[in-house]
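Report on the structure
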Amino acid sequence: MKRLSWIIWTVLTLALSGYLGYTLVAAEDKTEFIVGAPTHGHFQIELACESCHTSPFGGPEILQNACLNCHEQELEAANDSHPVKKFTDPRNADRLEILNAKDCVTCHREHQHEQTMAMGVTLPDDFCFHCHQDVAENRPSHEGMGFETCASAGCHNYHDNRALYEDFLVKHAGKPDMLSETMKLVNDNVTSYLAEHPDVKALIADDADIPTQQVSEQDQTITEHWAATVHAQVGVNCTACHNNEQDEWLPQPKLDVCSNCHQDEWTQFTESHHGMRLSDKVDISLSPMTPAMSRLPFHQEAMDKDLTCSGCHDPHTTDTKFAAVDACMSCHNDEHTNNFTQSKHFALWQQEQQGLVPEGTGVTCATCHMPKYEEGGEVRVMHNQNHNLRPNEKMIRSACMNCHSLEFSIDALADEQLIKSNFIGKPSQHIESIDMAVKRTKQ
Amino acid sequence: MKKLNAIVLGTALLGSATALTGCGGEEKAGGISPQQFTDALHLVMDSDRAVYTKKVVGRLTKKEKVIKASEHFEDDKALPLPAQMFRFGSERVAEKTDKFSYSLQSLFPINSQNAPRTDVEKEGLKFINDNPGQNFYKEETLGGQKYFTAIYPDVAVVEVCASCHNKHKDSPKTDFKVGDVMGGVVIRVPLG
């Protein structure tokens with residue numbers, strides 16, 4: 001009997017080892033090894049284990065480097081107010097023993113779904129206490145405030161305080177909810193492109209260089225559509241996208257074909273939750289994201305749509321108006337999205353389309369979630385929809401303050417119900433940060 | 001020319017000292033002492049900072065009046081303040097090496113995080129404040145690691161240093177004058 005037990009134990013152990021060993025080394029699906037559900041930021045790439053766990057050997061620097069590989073530039077662009085380099089000074093050794101602020105995973109632990117809060121933070125909310133327990137000495141107004149409220153009350157953010165720092169609050173105090181002068185960035189990059197490329201000739205439908213054997217009845221409509229696009233205006237013909245490196249015609253160009261010319265947009269897109277599965281930083285080849293894979297609510301009929309460039313931009317019409325509103329609303333099915341058509345923002349967008357207000361006055365989904373920005377004299381569109389999404393204070397400068405006061409923006413973004421209603425009505429609460437900053441300046 | 005020589009000497013010392021500590025931290029016979037090392041580092045830091053303060057910020061903001069200097073230089077499209085330049089340099093060093101570190105601290109800091117924290121910092125900043133013109137050197141252990149810590153007086157070299165600190169709403173001291181010790185440069189070198 002004893003011998004039989006040993007045999008069964010040995011066989012079972014070998015079988016289990018074999019199965020797990022095969023899964024670890026050779027199998028594509030390594031779901032068995034996921035120790036806990038990843039955060040909302042990473043679940044899409046949960047099976048690309050080696051994107052983060054780049055080596056089985058080494059210490060905490062392996063994960064730290066993995067975090068920085070994707071997020072370093074964003075932190076730098078946000079003027080990270082708590083960068084690692086501020087904590088390496090030996091004078092902080094005692095603090096680091098309590099809270100190791102040098103490693104991202106100290107606060108953002110992955111695979112801890114049950115204790116992961118907003119922003120992917122796995123620490124208790126009052127972590128600011130460890131270094132700022134004496135805050136009330138310099139800021140008497142903060143006396144008695146709980147440390148769990150620092151970041152949750154619309155006042156501070158650990159990394160990005162570009163819209164929340166004290167002098168900024170003072171500078172923008174006392175303005176009306178709706179600014180008298182609004183920022184209207186309008187992109188006219190075609191004109192500047194043509195000025196820089198005087199040899200480029202605009203193309204017409206007859207110029208289409210689609211091979212004759214590929215022409216069908218449907219293609220005739222497509223070439224007409226193409227001839228009306230910016231692509232034709234700047235001399236981009238059919239083969240520019242449809243031919244591969246060997247000059248062979250591809251009926252379906254590769255997913256990343258747009259990146260040949262729109263590199264920045266592609267990079268931003270692959271940094272977003274829409275495109276991150278296609279990022280070259282992911283260690284395995286993944287299919288494009290679809291609504292069905294997401295944790296958010298979507299329309300049933302949209303579940304299997306691939307999230308690629310052409311998901312929002314029909315390649316033969318390049319209609320940015322569709323991409324700005326309808327593309328989003330055809331998939332997303334949540335309260336905020338569905339209330340958009342009842343909002344003042346949408347009414348302005350309708351008026352703009354009817355020519356009743358100047359271009360750039362309308363507020364679309366893209367106006368806030370893919371805001372325009374100026375770079376090198378050109379107006380660009382941010383193609384990472386998550387760039388300013390969380391924490392939502394990131395929207396204050398990139399979106400809200402183009403039209404609204406800082407005070408209104410802070411109050412509105414702190415009001416969850418107002419966000420759900422898509423800003424129909426006024427903020428129901430007032431965040432006192434500007435009042436406190438102004439009061440201290442006067443003192 | 002004197003300044004150039006000093007910078008060349010400082011850079012050479014820095015290079016050799018880094019090479020020394022890079023070989024297990026042991027000082028070879030005839031090598032330089034930690035104090036020589038920190039003195040040289042400080043000479044370079046102090047010279048660069050004075051040049052930036054006078055030839056860049058002072059000239060462009062006061063004499064030629066073509067641009068302002070501002071704490072929020074990105075938002076204001078202005079020049080970074082000399083103290084900010086100094087900190088950015090220190091943070092960049094912190095990203096590249098742990099062979100030495102430095103910071104700017106004060107008994108009267110605008111940002112309370114820059115007040116002295118360790119016992120040696122407290123003692124040293126008080127010493128340089130009470131003994132103008134003198135440096136302070138001491139060893140201390142932080143996080144289980146022994147350090148040679150040198151503290152050098154940081155003096156208001158031009159009027160704007162004093163006036164800016166005096167006017168700042170977060171400054172605990174409002175009567176600085178040119179030539180006053182406003183704080184100290186703390187340089188640490190790990191020993192052993």
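Residues numbered from 1 in each chain as written. Chains lettered and ligands numbered in written order. Predicted model: local features only at pLDDT ≥ 70, side-chain atom pairs only at ≥ 80, totals over all residues. Heavy atoms only, no water.

In this section: the overall build of chain B. Looking only at helices and strands, chain B has five helices and four strands in total. Starting at the N terminus and ending at the C terminus, chain B contains elements arranged as α-α-α-β-α-β-β-α-β. Here chain B, with 192 residues, has 40% of them falling under the buried criterion. Taking contacts inside chain B between residues at least 6 apart in sequence as the whole, the part at least 24 apart equals 54%. In the form shown here, chain B has an accessible surface area of approximately 10,500 Å², with 56% of it arising from carbon and sulfur atoms. (Helix = DSSP H or I, 4+ residues; strand = E, 2+ residues; numbered from the N terminus. Buried < 20%, exposed > 50% of the residue type's maximum accessible area, 1.4 Å probe, protein only. Contact = heavy atoms within 4.5 Å. Areas by Shrake-Rupley, 256 points an atom, 1.4 Å probe, with all protein chains shown as cover.)

This part is about the overall build of chain A. Looking only at helices and strands, one finds 20 helices and two strands in chain A. With the principal axes as the frame, chain A shows a C-alpha extent of 85 × 75 × 40 Å. Per-residue burial over chain A gives 34% buried out of 443 residues. For chain A, long-range pairs separated by at least 24 residues make up 56% of all intrachain contacts whose partners lie at least 6 apart in sequence. When the accessible surface of chain A is split by element, carbon and sulfur atoms take 55% of a total near 26,600 Å². In chain A, the 32 positive side-chain charges and the 65 negative ones have mean positions that sit 8 Å from each other. (Lys, Arg positive; Asp, Glu negative; His and termini not counted. Charge placed at Lys NZ, Arg CZ, Asp CG, Glu CD.)

As a further point, take the confidence of the model for chain B. Fine structural detail should not be taken from predicted coordinates in areas where pLDDT scores are low. All names here are of chain B. In the predicted model, chain B carries a mean pLDDT of 88, and 85% of its residues have values of at least 70. In the predicted structure, residues 1-27 sits below a pLDDT of 50 and forms 27 contacts with residues beyond four places in sequence or in another chain. Per the prediction output, this complex has pTM 0.88; the corresponding ipTM is 0.82. (pLDDT = per-residue confidence, 0-100.)

Attention now moves to the pairing of strand S2 (residues 136-142) of chain B. Residue and element names in this part refer to chain B. Pairing between S2 and strand S3 (residues 145-155): seven bridges, direction antiparallel. Its bridge partner being in S3, Glu-140 is matched across the sheet by Tyr-147. Where S2 folds back on S3, the antiparallel hairpin that results is connected by two residues, among which Gly-143 adopts a positive phi of roughly 55°. (Pairing = 2+ DSSP bridges.)

Moving on: the interface of chain B and chain A. With 26 residues of chain B at the contact, the number on the chain A side is 24 residues. Contact between chain B and chain A buries roughly 1,900 Å² in total, counting both sides, with carbon and sulfur atoms accounting for 37%. Taken as a group, B:Gln113, B:Arg117 and B:Lys169 account for 31% of the area that chain B buries against chain A, more than any other trio of residues on that side. Seen at the junction of chain B and chain A, the total is nine salt bridges. (Buried area = accessible area lost by both parts, 1.4 Å probe. Salt bridge = Lys/Arg side-chain N within 4 Å of Asp/Glu carboxyl O.)

Attention now moves to the UniProt feature "domain: Tetrahaem cytochrome" (unreviewed entry) in chain A. The positions UniProt marks with the feature "domain: Tetrahaem cytochrome" (unreviewed entry) are residues 42-133 of chain A. Taken as a whole, residues 42-133 of chain A contains 29% helix and 0% strand, while its terminal C-alpha atoms sit 33 Å from one another. (UniProt positions renumbered as here; feature names shortened; annotations may be inferred.)

Throughout the structure, instances matching the rule amount to 14 aromatic pairs over all chains. Judged by centre distance (5.6 Å) and plane angle (80°), the rings of A:Trp6 and A:Trp9 are edge-to-face. Of this pair, A:Trp6 and A:Trp9 both sit in helix H1 (residues 2-25), separated by three residues, roughly a single helical turn. Each member of the aromatic cluster is reached from another via a ring pair, and the members are B:Phe37, B:Phe86, B:Phe100 and B:Tyr102. The ring of B:Phe86 carries B:Arg49 above its face, with NZ or CZ at 5.0 Å from the centroid. Over the aromatic face of B:Phe176 sits the side chain of B:Lys173, whose NZ or CZ is 5.2 Å from the ring centroid. (Phe/Tyr/Trp six-rings, centres within 6.5 Å; stacked < 30°, edge-to-face > 60°. Lys NZ or Arg CZ within 6 Å of the ring centre and 35° of its normal.)

If you walk through the whole model with that rule in mind, you get zero disulfides over all chains. Lacking any disulfide linkage, A:Cys403 is separated from the closest cysteine sulfur, that of A:Cys368, by 8.4 Å. (Disulfide = S-S within 2.5 Å.)

Further remarks concern the sheet that holds strand S1 (residues 101-105) of chain B. Residue and element names in this part refer to chain B. Spatial strand order, S1-S4-S3-S2: four strands in an open sheet with antiparallel pairing. Each end of this open sheet is capped by a strand with a single partner; those strands are S1 and S2. Across the sheet, the mean angle separating the axes of adjacent strands is 25° when strand polarity is ignored. Packing of helix H2 (residues 34-63) onto the sheet brings it into contact with S1, S2, S3 and strand S4 (181-190), and relative to S3 it is tilted by some 35°. Sheet strands touched by helix H3 (residues 82-96): S1 and S4. Its angle to S1, the strand with the most contacts, is close to 155°. (Axes fitted to C-alpha atoms, helices over the stretch in contact; angles between N-to-C directions.)

Right, let's talk about unusual backbone geometry for a bit. Residue and element names in this part refer to chain A. At the junction of Arg-390 and Pro-391, the peptide bond is cis and its omega measures out at -15° in the coordinates. One can find Pro-391 in the loop between strand S2 (378-381) and helix H17 (394-398). With a phi close to 50°, Asn-79 is a non-glycine residue in the positive phi region. Looking at the element boundaries, Asn-79 is found in the loop between helix H2 (61-77) and helix H3 (93-98). Positive phi, normally seen in glycine, also occurs at Met-119, with a value near 65°. Along the chain, the position of Met-119 falls in the loop between H3 and helix H4 (129-132).

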